[in-house]
Amino acid sequence: MDFLNGIVALTNFVLIPAIAYGSQLALGALGVTLIYGILRFSNFAHGDTMAVGTMFAVLATWGLQAMGISLGPLPTALLAIPFGILGAAALVLLTDKYVYKFYRAQKAKPVILVIVSMGVMFIYNGVTRIIIGPDDHRFADGERFVISAREFRDMTGLAEGLALRTSQVITVLTAVVVVAVLFWFLNKTRTGKSMRAFSDNEDLALLSGINPERVVLVTWLIVASLATIAGVLYGLDKSFKAFTYFQLLLPIFAAAIVGGLGNPLGAIAGGFVIAFSEVGITYAWKKVLVYLMPPALEPDGLMQFLSTEYKFAVSFVILVIVLLFRPTGLFRGKAL
């Protein structure tokens, strides 16, 4: 029984949170890797693009709730995601038209676009804070748990409970569907194949008659959609706060670089590597080890390598190690 309790504790406090968090990071990293692979610069405004899209979704959620519209046991925010995507898409397309397009026409070096994206990042962050404020906003409704810890203990008779939140299940299922649709689009549709060709060789793609402006347009629409969906899922799982999405930029970029910047498969793998690393290193393992080890060997301390306040430091250390020893990432980068 102690072994089963240890496995349940491990699943409840490490595996399930890491899988949900990894799904959110993977969707965010996919947006970063698409921008890098097609537009050829690292978009530092991506975290705040997530914040903007989520902000519109939160406002739409409040509006739907005020009108008495809901999804019953599911969060109303799922109905608001299209509104968030529209808001984020409109903003990034306006930004591209009046900011990035000028530098593309000037054939500016990627580092210039990176610096420009940092300016865009601060503007997005300021706009988000002005509209919705700097505070935490919880917008999840419906059933909180698919199964609660008490229900699990009553069913199994174990001392440890397993709580599975609705937001976690929705996150994983949504991520699977979104990733499947994205890969189908990139590999099976004419537009997706054009994007891949443009990413592989821009000059050859232009000679083949591919419209670069259409490729840029579709790329931004996909990135806005991925950013909004990832942001809403993260907000449902935790809460919405503009500055939190600014901080998420580090683990998202770490995920993209660990997997191989420009490689969609790598972005997904990197998201889970970062998530499991952050959760595993900041978790107090004593709760699991007391079940799995003999009483004489039970640890006295918490067996926690770092406190949760240093969660993002884990991403930074992994990022530095990868850049030093394998800069191409787990997968070869730049391969849509």
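Here the structure is a predicted model, which means the values were calculated and not measured.

Undergrad: Describe in detail the side chain of T189, supporting the description with residues and values.
TA: Relative to the assigned elements, T189 resides in the loop between α6 (166-188) and α7 (190-200). With a relative accessible area of 15%, T189 lands in the buried category. A polar contact of 2.5 Å, which involves the side chain of T189, links it to the backbone oxygen of F185.

Undergrad: Tell me about the packing of aromatic side chains, and please be specific about residues and values.
TA: Taken as a whole and judged by the stated rule, the model has 9 aromatic pairs. With a centroid separation of 5.1 Å and 40 degrees between ring planes, the pair formed by F44 and F253 is classed as tilted. Of this pair, F44 sits in the loop between α1 (2-39) and α2 (46-66) while F253 sits in helix α11 (residues 249-259), and the two are 209 residues apart along the sequence. Through pairs of rings, three or more aromatic residues link up here, namely F13, Y283 and W285. A cation over a ring is seen here: K311 above Y21, with NZ or CZ 5.2 Å from the ring centre.

Undergrad: I'd like a rundown of the pattern of salt bridges, residues and numbers included.
TA: Evaluated as defined, the whole model comprises 5 salt bridges. Between K238 and D237 there is a salt bridge; the shortest N-O distance is 3.0 Å. In this structure, a network of salt bridges that share partners links the residues R165, D237 and K238.

Undergrad: Outline the layout of surface pockets, supporting the account with residue identities and numerical values.
TA: Of the voids in this model, the largest pocket is the one considered here, and its volume is about 750 Å³. What lines the largest pocket is a set of 30 residues, among which R165, S167, Q168, D237 and K238 lie closest to the centre. Residue assignment for the lining of the largest pocket shows that the elements contributing at least two residues are α1, α6, α9 (212-237) and α12 (264-282). A class-by-class count of the residues in the lining of the largest pocket yields 12 nonpolar, 9 polar and 9 charged. Considering only enclosed or pocket space, the second largest pocket measures out at about 400 Å³ in volume. If one sorts the elements of the lining of the second largest pocket by residue count, helix α3 (residues 77-105) sits on top with 4 residues.

Undergrad: Now, about the environment of T228: what can you tell me, with residues and values included?
TA: Within the secondary structure, T228 is located in helix α9. According to the relative accessible area criterion, T228 is buried, its value standing at 0%. Separated by 76 residues in the primary sequence, T228 and F152 place their C-alpha atoms 33 Å from one another. Look past the residues within four positions of T228 in its chain and what remains in contact with it is G53, T54, I81, G84, I85 and A88. A distance of 2.8 Å separates the side chain of T228 from the backbone oxygen of A224, its partner in a polar contact.

Undergrad: Before we move on, could you go through the side chain of N125 and cite the residues and values that matter?
TA: Within the fold, N125 resides in helix α4 (residues 110-132). Engagement of the side chain of N125 in a polar contact is seen with the side chain of D48, the distance being 2.8 Å. When near neighbours in sequence (up to four residues on either side) are disregarded, N125 contacts D48, A242 and F246.

Calculation criteria
- Residues numbered from 1 in each chain as written.
- Predicted model: local features only at pLDDT ≥ 70, side-chain atom pairs only at ≥ 80, totals over all residues.
- Heavy atoms only, no water.
- Helix = DSSP H or I, 4+ residues; strand = E, 2+ residues; numbered from the N terminus.
- Buried < 20%, exposed > 50% of the residue type's maximum accessible area, 1.4 Å probe, protein only.
- Polar contact = N/O pair within 3.5 Å; in protein donor to acceptor, adjacent residues only side chain to side chain.
- Phe/Tyr/Trp six-rings, centres within 6.5 Å; stacked < 30°, edge-to-face > 60°.
- Lys NZ or Arg CZ within 6 Å of the ring centre and 35° of its normal.
- Salt bridge = Lys/Arg side-chain N within 4 Å of Asp/Glu carboxyl O.
- 1 Å grid on protein atoms, 1.4 Å probe; cavity = no way out; pocket = protein on both sides within 12 Å on 5 of 7 lines; lining within 4 Å.
- Points joined across faces, edges and corners; volume = space filled by probe spheres on them.
- Nonpolar A, V, L, I, M, F, W, Y, C, P; charged D, E, K, R; others polar.
- Contact = heavy atoms within 4.5 Å.

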